[in-house]
Amino acid sequence: MSQTGKPLKVALLGCGVVGTEVVRILTTRADDLAARVGAPLEIAGIAVRRGGRERDIAVDPSLITTDAQALVSRGDLDLVIEVIGGLEPARGLILTALEHGASVVTANKALLAEDGPTLFAAAEKYERDLYFEAAVAGAIPILRPLRESLAGDDVTRVMGIVNGTTNYILDKMDSTGAGFDEALAEAQALGYAEADPTADIEGFDAAAKAALLASLAFHTRVSIADVHREGITEVSATDIASAREMGCVVKSLAICELDEATDSVSARVYPAMIPLNHPLASVRDAYNAVFVESKAAGQLMFYGRGAGGAPTASAVLGDLVSAARNRLKGVPGVGESSYTQRAVRPMGDAMTRYHVSLDVADKAGVLAAVAHAFSEHDVSIQTVRQEGRGGDAQLVVVTHTATDAALSATVETLRDMDIVREVSSVMRVEGD
Ligand SMILES: NC(=O)c1ccc[n+]([C@@H]2O[C@H](COP(=O)([O-])OP(=O)(O)OC[C@H]3O[C@@H](n4cnc5c(N)ncnc54)[C@H](O)[C@@H]3O)[C@@H](O)[C@H]2O)c1
Ligand SMILES: N[C@@H](CCO)C(=O)O
Ligand code: NA
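Residues numbered from 1 in each chain as written. Chains lettered and ligands numbered in written order. Predicted model: local features only at pLDDT ≥ 70, side-chain atom pairs only at ≥ 80, totals over all residues. Heavy atoms only, no water.

An unreviewed UniProt entry lists the protein chain under the name Homoserine dehydrogenase, from Kribbella italica. The annotation that UniProt attaches to the protein chain under Sequence similarities (unreviewed entry) is "Belongs to the homoserine dehydrogenase family." Under the heading Function (unreviewed entry), UniProt records this for the protein chain: "Catalyzes the conversion of L-aspartate-beta-semialdehyde (L-Asa) to L-homoserine (L-Hse), the third step in the biosynthesis of threonine and methionine from aspartate." (UniProt positions renumbered as here; feature names shortened; annotations may be inferred.)

Caption draft 1: Just the site of ligand 1, in detail. Around ligand 1, a shell composed of 19 residues is seen, among which Val17, Val18, Lys109, Gly308 and Thr312 lie nearest. In the model, an oxygen atom of ligand 1 is placed 2.9 Å from a nitrogen or oxygen of the Val18 main chain. The protein chains hide 76% of the 830 Å² of surface that ligand 1 would expose on its own. Split into classes, the residues belonging to the shell around ligand 1 amount to eleven nonpolar, six polar and two charged. (Near = heavy atom within 4 Å. Polar contact = N/O pair within 3.5 Å; in protein donor to acceptor, adjacent residues only side chain to side chain. Areas by Shrake-Rupley, 256 points an atom, 1.4 Å probe, with all protein chains shown as cover. Nonpolar A, V, L, I, M, F, W, Y, C, P; charged D, E, K, R; others polar.)

Caption draft 2: Quick look at helix α8 (residues 180-189). Of all the residues in α8, the buried ones are Phe180, Ala183, Leu184 and Ala187. Seen along its axis, α8 keeps its buried residues to an arc of 100°; they face one direction. Residues of α8 that are exposed and angled more than 90 degrees away from the buried face: Asp181, Glu182 and Ala189. Lining the buried residues of α8 we find α7 (164-176) and α9 (198-201). (Buried < 20%, exposed > 50% of the residue type's maximum accessible area, 1.4 Å probe, protein only. Helix = DSSP H or I, 4+ residues; strand = E, 2+ residues; numbered from the N terminus. Arc of directions from axis to C-beta. Contact = heavy atoms within 4.5 Å.)

Caption draft 3: Spatial organisation of the coordination of the sodium ion (ligand 3). Here the sodium ion (ligand 3) is held by the protein donor atoms Glu133 (O), Glu133 (OE), Val136 (O), Gly138 (O) and Ile140 (O), which lie 2.4 to 2.6 Å from it. Along the chain, the residues donating to the sodium ion (ligand 3) are arranged with the sequence spacing E-x2-V-x1-G-x1-I. The exposure class of Gly138 is buried, given its relative accessible area of 2%. (Donors = N, O, S within 2.8 Å, 3.2 Å for Na, K, Ca; no water.)

Caption draft 4: Region of interest: the sheet that holds strand β4 (residues 79-82). The parallel open sheet is built from six strands, whose spatial order is β3-β2-β1-β4-β5-β6. Strand pairing shows two members of the sheet lacking a second neighbour, β3 (64-65) and β6 (130-131), which therefore form its edges. In this structure, strand β5 (residues 103-106) lies alongside β6, joined through two bridges in parallel fashion. The residue bridging Val104 from the neighbouring strand is Leu130, located in β6. Packing against the sheet, helix α1 (residues 17-28) makes contact with β1 (8-13), β2 (41-47) and β4, and its axis sits at approximately 155° to β2. Sheet strands in contact with helix α4 (residues 90-99) are β1, β4, β5 and β6, and its direction is about 150° off that of β5. (Pairing = 2+ DSSP bridges. Axes fitted to C-alpha atoms, helices over the stretch in contact; angles between N-to-C directions.)

Caption draft 5: Molecular detail of the confidence of the model for the protein chain. Predicted confidence across the protein chain gives a mean pLDDT of 95, with 99% of residues reaching 70 or more. For this predicted complex, the interface confidence comes out at an ipTM of 0.98, alongside a pTM of 0.96. (pLDDT = per-residue confidence, 0-100.)

Next up, the structure:
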C-alpha cells in the first residue's frame with residue numbers, strides 16, 4: 001500500500017468507552033488508514049483523567065498523560081479527538097487545540113448543542129475543521145449527509161429516534177408489557193443506560209441531538225435551550241396499550257421542522273404514538289434511525305447503531321480521515337453553513353395531534369359535553385371510541401392537527417369537568 005507524506009500527529013482526549021475503541025482502530029488498522037489518508041496517523045498523546053491504570057489499549061505508556069491542557073498546547077498536533085464529554089474542560093481544550101492549529105473531531109453533543117457557535121467560530125478563524133458525526137446517532141452517517149449530500153436540496157423535516165436507551169425501554173414495554181421501572185432496570189443491566197440515566201430518560205441527550213440536527217438541516221443556529229423537551233418517565237403501560245389498540249407504537253422522537261410561511265423552525269423531543277406502518281415504528285431495541293424529508297429527495301431513512309464504543313468510534317474515525325485529508329491539502333473542509341438565523345417557534349405553536357383517554361360517567365350528554373370541550377378550543381376530533389365499564393365509560397379521542405397550545409388547553413378543560421373522572425392518558429400522535 002502506498003503511504004506518502006510525513007505522519008500526521010493525532011492526540012486523543014479521553015480514553016473511556018469511545019476513546020478505547022478509537023485507539024484500537026487507529027493501532028490495528030494503521031496501514032489502511034494511512035493509505036486512505038495519504039499519510040500515517042501517528043498517536044502523539046493520550047490524555048486521561050487518572051494515570052497509572054491498566055488500560056485495554058496497545059500503546060507506548062509514555063504517550064499517556066494526565067495533562068490534557070499541555071497536550072493540546074504543544075503546537076505540533078495536526079488532529080485532536082475529544083471524547084471526554086461534558087462542557088468543561090472539553091470546551092477549553094477544543095478551543096486551545098484549534099488555536100494551536102489542530103483540526104478537531106468530537107463526539108460531544110452536550111457541548112456543541114450548548115455552545116456550538118463559539119467553537120465553530122474558532123474553527124473558522126483558525127481555518128481548521130471541527131467535525132462531530134459521532135455526536136448524533138452514533139455510527140449513523142447523518143450529519144455529513146445533511147451538511148454535504150443534501151446541501152443542494154431543501155430539508156423540511158427531520159424526525160428521529162436518536163436515543164438508544166429510551167428506545168430500548170419503550171420497546172421492552174411494548175413487547176413484554178413491562179412497566180417503565182422494570183424496563184429501565186433491564187436497560188441498566190445491559191449497560192445501555194448509565195447508572196444515572198437522567199440525560200437519556202429526561203430527554204436531554206435527544207434534545208442536544210435535535211439542536212444539532214435542526215441547525216444543520218435548516219442552516220441556522222438552534223441551541224439545546226431552544227428545544228422543547230419531555231422525557232419518557234411518565235409513559236405508562238396504559239399509554240403503550242392504547243397505542244397498540246390504535247395500530248401505533250410509542251417512540252421517543254426528536255422532531256425538527258421548518259415552517260416556510262413564517263421562516264421559523266420547531267425543535268422538540270417527546271414520546272409520541274406513530275403508526276405501525278411508519279418506517280420509524282420498526283426501529284427496535286437500542287437502535288437509532290433518522291427520517292428526513294426534503295423537497296427534491298422526498299423521504300430518506302438513516303438507520304443503525306446510535307451508541308456503543310465501536311459504532312461511535314466508526315463515526316469518529318470517518319471524521320478523522322476527512323479532517324486528515326484536509327490537513328494534507330492545507331485547507332479546511334466544508335464547515336457549518338448557518339447563513340440564516342431563523343426564529344425558533346414556541347411549543348404552543350407546533351402543529352400536533354393528540355390521543356386522549358378519559359374515564360367518564362356513562363350517562364346522557366357526556367359525549368356531547370366532551371365534544372364541546374374540544375370544539376371550544378377549535379380542536380377538531382378525528383375519531384372517538386367508547387367502551388362501557390359498568391356505570392362508567394372510557395372515551396378515547398384522537399384529534400385532527402391543531403396547535404399544541406389549543407390541544408393542551410383542551411386537556412386542561414377536560415380535567416376540570418365534573419363528568420370526567422380521570423384523564424388517563426394523553427399522548428401526541430406523529431408520523432402520518
Ligand atoms: N458511549 C457512547 O455510546 C457514545 C455515543 C455517542 C457519543 N458519545 C459521546 O462520546 C463522548 C465520550 O463518551 P464515553 O461513553 O466514551 O464516555 P466515558 O465516560 O466512557 O469516557 C470519558 C473518559 O474521559 C476521561 N476524562 C474525564 N476528564 C478528563 C480529563 N480532564 N482529561 C482526560 N480525560 C478525562 C474519563 O476518565 C473517561 O475515561 C461523550 O461526549 C459522549 O456523549 C458516546
Ligand atoms: N446514551 C446515549 C448514547 C449515545 O449518545 C443513547 O442511549 O443513545
Ligand atoms: Na452519526
